[in-house]
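If you want the building blocks of each chain, they are given just below.
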Amino acid sequence: MWLVLCETQDVAAQWAYLGLLARGVEPLELITSTNLAQAVCWEHRLGNDGVLTTVTLADGRHISSSDVHGALNRLLTAPSALLPLARPSEKAYASQELVSFFLSWLYSLPGPVLNRPTPQGLSGQWRHLSEWVWLSAKAGLPVSPYVVSADAGSGYAPVQMSLAPPDAPVRTVLLVGNQVVGDSIPEAIAEGCRRLGQLANTALLGIDFAANPEGYWTFTSATPLPDLRQGGEVVLDAMAAKLTGG
Amino acid sequence: MVLLCGIPSESPLAMVAAQLRRLGVPHVFFNQRHVARTDMWFTVSRGHVTGRLNLDGRTYRLEDFRGVYTRLMDDRALPEMRDEPEDSEKSRHSHALHDTLMQWCEVTPARVVNRTAPMGSNSSKPYQAQLIRKHGFSIPETLITNDPELVRQFLSRHQQLIYKSISGIRSIVETLDESALARLGHIRWCPTQFQEYIPGKNLRVHTIDSRVFATAVVSNVTDYRYAHLQKGGETELSATELSEQLVQRCLRLSQGLGLSFAGIDLKVTPDERVYCLEVNPSPAFSYYESNTGQPIAEAVARFLSGHWV
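Heads up: these notes are all about the structure in this document. (Residues numbered from 1 in each chain as written. Chains lettered and ligands numbered in written order. Predicted model: local features only at pLDDT ≥ 70, side-chain atom pairs only at ≥ 80, totals over all residues. Heavy atoms only, no water.)

1. Focus: the packing of aromatic side chains
Following the criterion strictly, the structure yields 13 aromatic pairs over all chains and no others. Measuring from ring centre to ring centre gives 5.4 Å for Trp 42 of chain A and Phe 102 of chain A, while their planes differ by 70 degrees; the resulting arrangement is edge-to-face. Highlighted residues: Trp 42 of chain A in strand β3 (residues 41–47) and Phe 102 of chain A in helix α3 (residues 88–108), separated in sequence by 60 residues. A relative accessible area of 4% means that Trp 42 of chain A is categorised as buried. Here Phe 102 of chain A falls in the buried class, since its relative accessible area comes to 1%. Here Phe 65 of chain B and Trp 104 of chain B contribute two aromatic rings whose centre-to-centre distance is 6.4 Å and whose plane-to-plane angle is 70 degrees, an arrangement assigned as edge-to-face. (Phe/Tyr/Trp six-rings, centres within 6.5 Å; stacked < 30°, edge-to-face > 60°. Helix = DSSP H or I, 4+ residues; strand = E, 2+ residues; numbered from the N terminus. Buried < 20%, exposed > 50% of the residue type's maximum accessible area, 1.4 Å probe, protein only.)

See the structure below:
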């Protein structure tokens, strides 16, 4: 079985679910944060022989990690229907416990996971733009200087020094493993995106560029949680291949 | 130049500062109590990171810092900030300053003990346990569940269980006794972590770059860190030596987790099996050094200075 794990309102994930089903990625279970929030039973076992997790959902589905071959993981937070009922003094602790639990469960999922969780994000590592800028330069992508300041003169906000002119058209590149998806991507940019994915250790990335009229692309931002619909049929093919080892 | 971040009187920071002074290594404090008199900015340009740090009227080039030791506390809990409204000028400056510092720590080429991202593994103990297992250590059999019946079955298999927090929030490790069993129904609210009790000797191993300091811990309570809080609780610490094989395994684990400095909690069973319970990415080593005389602060200071002086 394969899983699509997502927030309940994540229409891009639901679009991907239908697209993956149409490509024969079956059995495929769509599990939303609402489903997980109402899970009846969690059983997460760790030991020297490995990790085994079984979750029983309120709709009767049993998801056992031993049956999982891969997942598209777009969860942002650890859902719980009971958390709002916790005592105020215990809410922050309980919330942290749930996030930590979900991190362990998602990390233990077998097979390809787009994206595997990290302590800095359940669906892949979230980074400050300063770090993306730094990594992008290391990956060989063109990028403008970026300033971070704690100075009152900056309004205590990062000063973005023309990473992109306000009216510059945005070009989005989606990276799935080593495959770059997008329209008319210059080869040097495609290669830089692949290197960025490796440096960021993130299999699924959305990378935005500003393109000037002369066709010069400049990096502006990256996210482990892109709107997959921007990649159309091609990104569905790429994800299906990645998830099934094709 | 070495940058020490936190509150200068805090024991680990103070001990490292004393060693830097002794070694003649220039260093300055990013003193959290002085946030109102501190400013900072940096630029990332073509992959190079440059910037300035203004401390109490003096300006330092960020690129001159070769080592950074962070022992930061939550700035909202600082005495100077406790009564400040979240949106006050002072609060906004403090948050921006700490955020700028943390962002810089992730991209500076300096030796940072430790960067934020790798420290995150300790935010989820079962996640970290999976990383530990990949580095060849045994880990205790663990069950995280919201089903009391599964816990009872787990208990009958292992006879003795402990329970503890899943997250990095510090909690006292407790034995699952009759009184805890009576409250087992509470776990229906939130999955809770239970582990087989591992008998044996406690070892705390501090790794700093390629150096290793092992401390044997003998205690009469389940969680020796809190022995002083329990009636009759006693703990004795003594320096000890590890086999070369175990030394190398500890170093590989720290390196694999991306930690220049780590506190590794081991348990060695009577049949000499080595379990790793946890890796602390920001170890409060002063407790161990004060009780054993092991030169941990000196090793940290030498590492931060960029060479083994």
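After that view of the structure, there is still more to cover.
2. Section: the pairing of strand β8 (residues 142–145) of chain B
With burial as the criterion, each face of β8 of chain B is covered, one bearing Thr 142 and Ile 144 of chain B and the other bearing Leu 143 and Thr 145 of chain B. Pairing geometry for β3 of chain A and β8 of chain B, over four bridges, is antiparallel. The residue of β8 of chain B that forms the bridge with His 44 of chain A is Ile 144 of chain B. In this sheet, strand β11 (residues 192–196) of chain B lies alongside β8 of chain B in antiparallel orientation, the contact comprising four bridges. From the neighbouring strand, Thr 142 of chain B faces β11 of chain B, where its bridge partner is Gln 195 of chain B. (Pairing = 2+ DSSP bridges.)

3. A short note on the interface of chain A and chain B
Counting from both sides, the interface comprises 46 residues of chain A and, opposite them, 57 residues of chain B. When the two sides are added together, the surface that chain A and chain B hide from each other amounts to roughly 4300 Å², 57% of it contributed by carbon and sulfur. Counting across the chain A and chain B interface gives zero salt bridges. Linking chain A with chain B are 21 residue pairs in polar contact (both at pLDDT 80 or more). Contributing elements (two or more residues each) for the side of chain A that touches chain B: β3, β4 (50–56), α3, α4 (129–138) and β8 (146–149) of chain A. (Contact = heavy atoms within 4.5 Å. Buried area = accessible area lost by both parts, 1.4 Å probe. Salt bridge = Lys/Arg side-chain N within 4 Å of Asp/Glu carboxyl O. Polar contact = N/O pair within 3.5 Å; in protein donor to acceptor, adjacent residues only side chain to side chain.)

4. Here we look at the sheet that holds β8 of chain A
Two strands in a sheet stick together by hydrogen bonds in their backbones, pointing the same way (parallel) or opposite ways (antiparallel). The strand order across the open sheet formed by four strands is β8(A)-β3(B)-β4(B)-β5(B), and the pairing between neighbours is antiparallel. The sheet terminates laterally at β8 of chain A together with β5 (58–61) of chain B, the two strands that pair on one side only. Going from strand to strand, the sheet's axes swing by 10 degrees on average, the running direction of each strand aside. Both strand β3 (residues 38–45) of chain B and strand β4 (residues 48–55) of chain B contribute to a ladder of eight bridges, which runs antiparallel. (Axes fitted to C-alpha atoms, helices over the stretch in contact; angles between N-to-C directions.)

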